[in-house]
Amino acid sequence: MASSSSSSSSLSSPIPPQQKHEIQEKYDLFLSFRGEDTRNGFASYLYGALSAKQISTFMDDHELERGDEISPTLRKAIEESKISVIIFSENYAFSTWCLDELLQILECRRTNGQIVMPIFYGIDPSVVRKQNGSYGVAFAQLEHRFQDKMEKVQQWRYALTEASNLCGLDSKGFRPELKLVQKIVEDISLQLPKYQPSNEHYKRGGLIGIEESIKKVKSLLSIGSKDVRIIGIWGMGGIGKTTLASVVYQELSNSQFEGCSFLPNVKEECERRTPYHFRKKLLCELLNEKAILKMNTPFVASPYILDKLRHKKVFIVLDNVDDWIQLDALVEGYDQFAPGSRIIVTTRNVQVLKKVADQNIYKVEGLSQSDSLELFRFHAFGKNSPPIDDAMLLKSVVSYADGNPLALKVLGCFLRSRNKQDWENVLYNLQKFPDQDKIFNVLRTSYEGLDEGIQNIFLDITCLFNGSFTRNEAERLLDSGDSLVKIGMDVLIENSLIEDGKHWVDNQLWMHDLLRQMGRKIVCDGHKEAGDRSRLWDANDVCHILERNTGTVAVEVISLNMSEMTRDVKVCRSALSKMCNLRILKIYCDNIDIDDNKFERKFKFNLLQGLDPYLSEKLKYFRCDLYPLKSLPSNFTLENLVELILRGSHVEKLIWSHEVQSVPVLRRMDLSYSKLLTEIPDLSQLAPNLESINLAGCTNLVEVLPSLQNLHKLTYLNLDGCSKLSEFKEISRSRWYLDLVKFGGIKNFLINICQQKLAFLKRFTNNISSLSSPGSHMICQQFPVNLTVLRLRSLPIEAVPLSIVSLFGLVELDLSCCKRLKSLPTNICKLRSLELLNLHCCSKLENFPQILEPMEHLTDLTISRTGIKELPESIDNLISLQILQLESCKEIEFLPNTLCDSRTLQFLYLGSCSKLQKLSPLPPALLFLKVPCCDSLKSLPELPLFCESVDARHCTSLEKVSDWRTAIQHITEQIPSKVDFFGCQKLDQNTLNIIIPDNAIFNILQSANSNSEAELCYPGDQIPNWFRDQTSGTSLKITLPSFWNDDNFLGLALCVVLDVNKKKPYAQVRINFKLNFKTIDDECPRKFHSNMLVPADKCLDHVYIMHVSKWLLSLPSPLQLKSCVSEVSLHVFPSFLDYCDPFNPYAELLNLENEYCEIKKCGVWFINKEDVERFNAETIQCKKKRQRFDDECCEASGSGSGSDEFVPSGSHYEEDHHD
């Protein structure tokens, strides 16, 4: 087999992982190739691509020096690799070196389970298999050369034959060569996560003693059984539950499941938000639908969501769940998940697991003495020789961790690089504490070894953050104006008091809750009264202190989450007056989305009496969401303030006392959605070090730019929705200014003057003279020059200020919903750092400027809902563009031909472009093409090889699709495929009978081969011929094929012809499929249900096709029907999901039968592995037949009933289609 049908089949390993010898894997991949054929070409390109993906590759030209002993060095490199790639080329067999490599690779395949991937580069696989052609010449020479070692020659022959029979890739199927390189890298990237690590691999990562636990958890998971299963991992804090779940998740998630989600810190997250908010996040990740996050109700019983989950085999990890309510909210209805789905729950409370996983609970015990010692050595000494040679001292220190991995890690990191006397001192201190506090005391030892400044940073973090947090967030909050915080964060990470987020989202930090509890215990120790503590975080404590004025000089930090309040709170006017050491005041509400203007709170935080003028001079961070007063305290001391956040406040004027001359260290200010704010001071003078200003939603603010002009450190400015800003209105009223913008500046404009009439020149000079008039706004009005993010959404501007092109570091420019905007300057291409430009809903913008110079970084361009009539041919200067959004551009008629030159464009959205008649050739890297409701569009050009999703719904004038090249092995497996030509009634017969059905074959086979989803829709009244079983009506009896229920069976394709005869707004038709399996005793022990949702729009007959994976055909108990099934029947019937409110996820299920729609025909295709292989083999042949069909259509148009170019194995049509 020369070509692969999927990533999984193109890499071959003959033995199960558990039988592998224990080899320490040093390399991900070993590359075997003939140097003179590919060293300076293909092999080098492949090596570079692998390296770019951080795939550790052994390539002998890079690793071996001249004179090395070849056999021992190569043998070791091959044994230490997880995968071997063999590049068979024209002269490969002439090298005994290559042939010996091949023998060793195949030996490792047999003994170690090494994965082997052959690449046939410029050579036919049969030449390698049969040793003819150039390989025959080579072996003639070898037989002459090794006359006395013919046994060796025969071994080489056998090896070539064996390797050529493995699934691999043939270069003939890939043009250009880069696509072959991409495919190899893709396959290897998919396979590496599945590779089963050895014990040594775990140890190198510091995961000592975890191997047996992993085996036991995997045994409980019982991957392969068809039930839906929850397993629990239970144990004390710090014992390694999260680490164990993380490792299992990483090893299984990439290879076994269609949807995966790891939710860390469930306990903390559910305390911060509701469990239902977390459930929405979970479902969003599993179903890859961001719209779920916007739904306002928990939709626990939503039929739409449950239907989706029934079709998806998922793997979920819920980490640190501490009560049944949390678990129930997150996994309610889990038994409705697709068969084979798995959920892991980690907890300290075993009662949480009793109801759902009573028989599947794994208790994590402490490490053995030997494993404890090894883990401690790993963190205390690393790879170095231990400086402490006292074995008894080592054992004594380790014994105090009591086998707890967290304690061992923290203690080891703390004692790293310390001398023996320090060790003895630590042991002496540990011996003073009682046994019941062992773990806490070990952790506290590490804390006490820190410098005082870093101890304070640690305590601040324990009290300010409950869950994960970013480093930037922590450094901002604790900003002291020097490098101490940055250094302190590094020290805390080095000492394992903070985790650097290896298993979490990028840039996220995390503190184990045992360490957080320890930190908070340290704060509370010795201070019975909360007002005497340095840090306050408990909502009840904070509310009591603010009401009763019991705070003291000891208080340095207050953090109050108003969503945790249990009653209304009336703050005493002098509540903060005694707290002269207060550094951080954080009053926030994490369950309110201020950006969406949802300010409702269950309990009120009242400041009706105001606050005493005095606030601590040491205050660095002041945040008060929904601040209820009209101004800040009159004597608010600001000299140390670093960050001011008053989101959704009632402040009218941001004016401080006349005594305040400067706010020298203020870096960040957020007054977003302060709708009463009308004025801000001149911040250029008052706060020269500002880096970020957010004034979004300040709808009464009149003037901003003069206050910001000289803020040279400002990088972020958000003015979204500041609709009354007068400076933009004044600029936009000047016609001469619009002329300047149009021509790209004063220089270009003056050149153009010579070509204009005198009247125009007179008007221009008159307008120039008006600059001297009182109150006029100079066009040279400058933005702060170092901005990287500028958001001007919904501003009343007609032209972009010319000064914007001086923002050389600008990365993001948002001008969306500027509905008066008429033009952009041509020199916008000078924004060389720009990555995102958003012009959405700029309805008066009719022209997009010429891109006169390459813009190397712009990846995302949104021009949807604008008045733009055409794009310039110079759009090819957007050389990095990946996303182009042009939805609802009603005036655009065509796209520039140069768009096809883009090598990076992947997403093209053109929906509702009503005048668009045709598309230029499409760029080769395009993945998604969306052209729904383009009423005038008559044809689609040839669709690119990688295009996986086409949405052409309601393109009522569409007549043809030129071509759609397909090749299964090229498609990215993770992205579901959807092809939708609903309502395209004018499509010609070639498109309906050949182009779309051929692509449907491809989509179904690709989905079957990769367990992904596929749905297709197009106009028609015939079930395609490759559905072996089909009938008119809604019921069908099926004869099972011979491969039913064995490993060759890949799933079902289901098809219906549906006629919707009446439109129903806010509704969807649900096509229900029910399979009944009858046994010889005439019982029905087995039923299978599935469905697909389609629009409830009135339209003539349409063909709907969906793929049902093999997994979904299994109930909680394994399917064992092959020997006893006597009959299978299919019944199809429609129902409606009626959404009275389109924004409400709840839908009423209605059985309206033929009142609204009718199912006219149905069909089933049982998919076999042989179908996939045959599709690959016959692709070229089908292309030739396609041309023949075109010729026939010229003579007799349109009588075909469907594509019969490809016939599935086992079909009764097969005999009629052999040449």
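Computed from a prediction, not measured in an experiment: that's the story for all the values here.

Overview of the overall build of the protein
Of regular secondary structure, the protein possesses 36 helices and 43 strands. Within the protein, the proportion of its 1219 residues that are buried is 56%. Here the analysis covers contacts within the protein between residues at least 6 apart in sequence; of these, 67% occur between residues at least 24 apart. Carbon and sulfur atoms make up 48% of the accessible area of the protein, which totals about 52000 Å².

Digging into the packing of aromatic side chains
Summed over the entire model, instances satisfying the criterion amount to 17 aromatic pairs. Aromatic pair Phe622 and Tyr627: ring centres 6.4 Å apart, planes at 90°, arrangement edge-to-face. The exposure class assigned to Phe622 is buried, which follows from its relative accessible area of 3%. A ring pair is formed by Phe907 and Tyr909, whose centres lie 6.4 Å apart and whose planes are at 10°; its orientation type is stacked. For Phe907, a relative accessible area of 21% gives the class partly exposed. Lys586 extends its terminal NZ or CZ atom over the ring of Tyr588, reaching a point 4.7 Å from the ring centre.

Describing the packing of helix α15 (residues 275–287) against helix α17 (residues 324–331)
Think of two packed helices as two axes; the pair is described by the angle between the axes and how far apart they sit. Between α15 and α17, whose axes approach to 8 Å, the crossing angle comes to 35°. Here α15 runs over α17; the crossing is right-handed. In this structure, α15 uses Pro275, Tyr276, Phe278, Arg279 and Leu282 to contact α17, whose residues at the interface are Ala329, Leu330 and Val331. Here the residues of the contact of α15 with α17 sort into seven nonpolar, no polar and one charged.

Notes on a negative patch on the surface
A cluster of acidic residues, Glu870, Glu873, Asp876, Glu893 and Asp901, forms a negative patch on the protein surface. With respect to the helices and strands, the residue Asp876 is situated in the loop between β26 (860–862) and β27 (883–885).

Notes on helix α9 (residues 150–164)
Taking 1.5 Å per residue as the helical rise, α9 with its 15 residues ought to reach 21 Å, and the 21 Å between its terminal C-alpha atoms agrees with that figure. Turning to α9, its buried residues are Val153, Trp156, Arg157, Ala159, Leu160, Ala163 and Ser164. Projected onto a plane normal to the axis of α9, the buried residues spread over an arc of 160° and lie on a single side. Turned more than 90 degrees away from the buried face of α9, the exposed residues are Glu151 and Tyr158.

Describing the side chain of His379
Among the secondary structure elements, His379 is positioned in helix α19 (residues 369–381). When neighbours within four sequence positions are excluded, His379 is seen to be in contact with Lys409, Gly412, Cys413 and Arg416.

Some words on the pattern of salt bridges
When their charged atoms lie close together, side chains carrying opposite charge are able to pair. Taken as a whole, this structure holds 40 salt bridges when the rule is applied. Of the charged contacts, one joins Arg444 and Asp525 as a salt bridge, the two residues approaching to 3.2 Å between their closest N and O atoms. Taken as a pair, Arg444 in helix α23 (residues 438–448) and Asp525 in the loop between α27 (513–524) and β13 (535–536) lie far apart in primary sequence, 81 residues in all. Taking relative accessible area as the criterion, Arg444 reaches 25% and is therefore assigned partly exposed. A salt bridge links Arg668 to Glu643, with the nearest nitrogen and oxygen atoms 2.8 Å apart. Of the two residues, Arg668 is situated in strand β20 (residues 668–670) and Glu643 in strand β19 (residues 643–645); the sequence distance between them amounts to 25 residues. Each of the two residues, Arg668 as well as Glu643, counts as buried. Connected via shared salt-bridge partners are Arg476, Glu643, Arg667, Arg668 and Glu691.

Things to note about the environment of Glu873
When you line up the elements, Glu873 lands in the loop between β26 and β27. Considering only alpha carbons, one finds Glu873 and Asn897, 24 residues apart in sequence, at a separation of 6.9 Å. Beyond its immediate sequence surroundings of up to four residues, Glu873 is in contact with Pro896, Asn897 and Thr898.

Side note on the sheet that holds strand β5 (residues 169–170)
Strand pairing in a sheet takes place through backbone hydrogen bonds and is either antiparallel or parallel in direction. An order of β2-β1-β3-β4-β5 is seen for the five strands of this open sheet, with the pairing classed as parallel. Unpaired on one side and paired on the other, β2 (57–59) and β5 mark the two borders of the sheet. Where strand β1 (residues 27–32) meets strand β3 (residues 81–88), five bridges bridge the pair, whose relative direction is parallel. Across the sheet, Leu29 pairs through a bridge with Ile83, a residue of β3. Across the sheet, helix α10 (residues 177–191) lies against β1, β3, β4 (115–120) and β5, angled at about 170° from β4, the strand it touches most.

A short note on unusual backbone geometry
In the Ramachandran plot, Gln131 falls in the positive-phi region, its phi being about 50° despite a non-glycine side chain. Relative to the elements of secondary structure, Gln131 occurs in the loop between α7 (125–130) and α8 (134–145). Note on Gln131: relative accessible area 10%, which makes it buried.

Digging into the environment of Glu1173
The topology assignment puts Glu1173 in helix α36 (residues 1169–1195). For the pair Glu1173 and Leu1005, spaced 168 residues apart in sequence, the C-alpha to C-alpha distance is 9.6 Å.

Brief notes about the nonpolar core
Membership of the largest hydrophobic core comes to 152 residues, with the highest contact counts inside it found for Phe622, Leu695, Leu884 and Phe981. Per-element tally for this core: the top contributor is helix α35 (residues 989–1010), with nine residues. Leaving out residues up to four positions away in the same chain, Phe622 has contacts with Leu585, Tyr627, Leu632, Phe636, Leu641, Glu643, Leu644, Ile645 and Leu646. Core analysis: the next-biggest nonpolar cluster, separate from the first, contains 58 residues, Leu393, Ala474, Leu492 and Ile498 among them.

Some words on the side chain of Asp170
As for its placement among the helices and strands, Asp170 is situated in strand β5. According to the relative accessible area criterion, Asp170 is buried, its value standing at 12%. Only 2.7 Å separates the side chain of Asp170 from the side chain of Lys172, close enough to count as a polar contact.

Side note on the packing of α19 against helix α21 (residues 405–415)
For the pair α19 and α21, the least separation of the axes is 7 Å and the interaxial angle reads 35°. Here the hand of the crossing between α19 and α21 comes out right-handed. Counting all contacts with α19, which are made through Ser372, Leu375, Phe376, His379 and Ala380, the residues of α21 involved are Pro405, Leu408, Lys409, Leu411, Gly412, Cys413 and Leu415. Partitioned by chemical class, the residues of the contact of α19 with α21 number eight nonpolar, three polar and one charged.

Concerning the sheet that holds strand β10 (residues 361–363)
Taken in spatial order, the five strands make up an open sheet running β7-β8-β9-β6-β10, and their pairing is parallel. Each having just a single partner strand, β7 (259–263) and β10 make up the two edges of the open sheet. Each adjacent strand pair in this sheet contributes to an overall mean axis angle of 10°, direction not counted. Relative to strand β9 (residues 342–347), strand β6 (residues 229–234) runs parallel, the two being bridged by six bridges. Residue pairing across strands places Gly232 opposite Val345, the latter belonging to β9. Strands β6, β9 and β10 of the sheet are contacted by helix α12 (residues 211–221), whose axis makes an angle of about 155° with β6.

Each value, and the rule that gives it
- Residues numbered from 1 in each chain as written.
- Predicted model: local features only at pLDDT ≥ 70, side-chain atom pairs only at ≥ 80, totals over all residues.
- Heavy atoms only, no water.
- Helix = DSSP H or I, 4+ residues; strand = E, 2+ residues; numbered from the N terminus.
- Buried < 20%, exposed > 50% of the residue type's maximum accessible area, 1.4 Å probe, protein only.
- Contact = heavy atoms within 4.5 Å.
- Areas by Shrake-Rupley, 256 points an atom, 1.4 Å probe, with all protein chains shown as cover.
- Phe/Tyr/Trp six-rings, centres within 6.5 Å; stacked < 30°, edge-to-face > 60°.
- Lys NZ or Arg CZ within 6 Å of the ring centre and 35° of its normal.
- Axes fitted to C-alpha atoms, helices over the stretch in contact; angles between N-to-C directions.
- Left-handed = near helix turned anticlockwise from the far one by under 90°.
- Nonpolar A, V, L, I, M, F, W, Y, C, P; charged D, E, K, R; others polar.
- Patch = residues over 30% accessible without salt bridge, like charges linked within 9 Å, V, L, I, M, F, W, Y side chains within 5 Å.
- Salt bridge = Lys/Arg side-chain N within 4 Å of Asp/Glu carboxyl O.
- Lys, Arg positive; Asp, Glu negative; His and termini not counted.
- Charge placed at Lys NZ, Arg CZ, Asp CG, Glu CD.
- Expected span 1.5 Å × (residues − 1).
- Arc of directions from axis to C-beta.
- Pairing = 2+ DSSP bridges.
- Core = buried A, V, L, I, M, F, W, Y, C linked by side-chain atoms within 4.5 Å.
- Polar contact = N/O pair within 3.5 Å; in protein donor to acceptor, adjacent residues only side chain to side chain.

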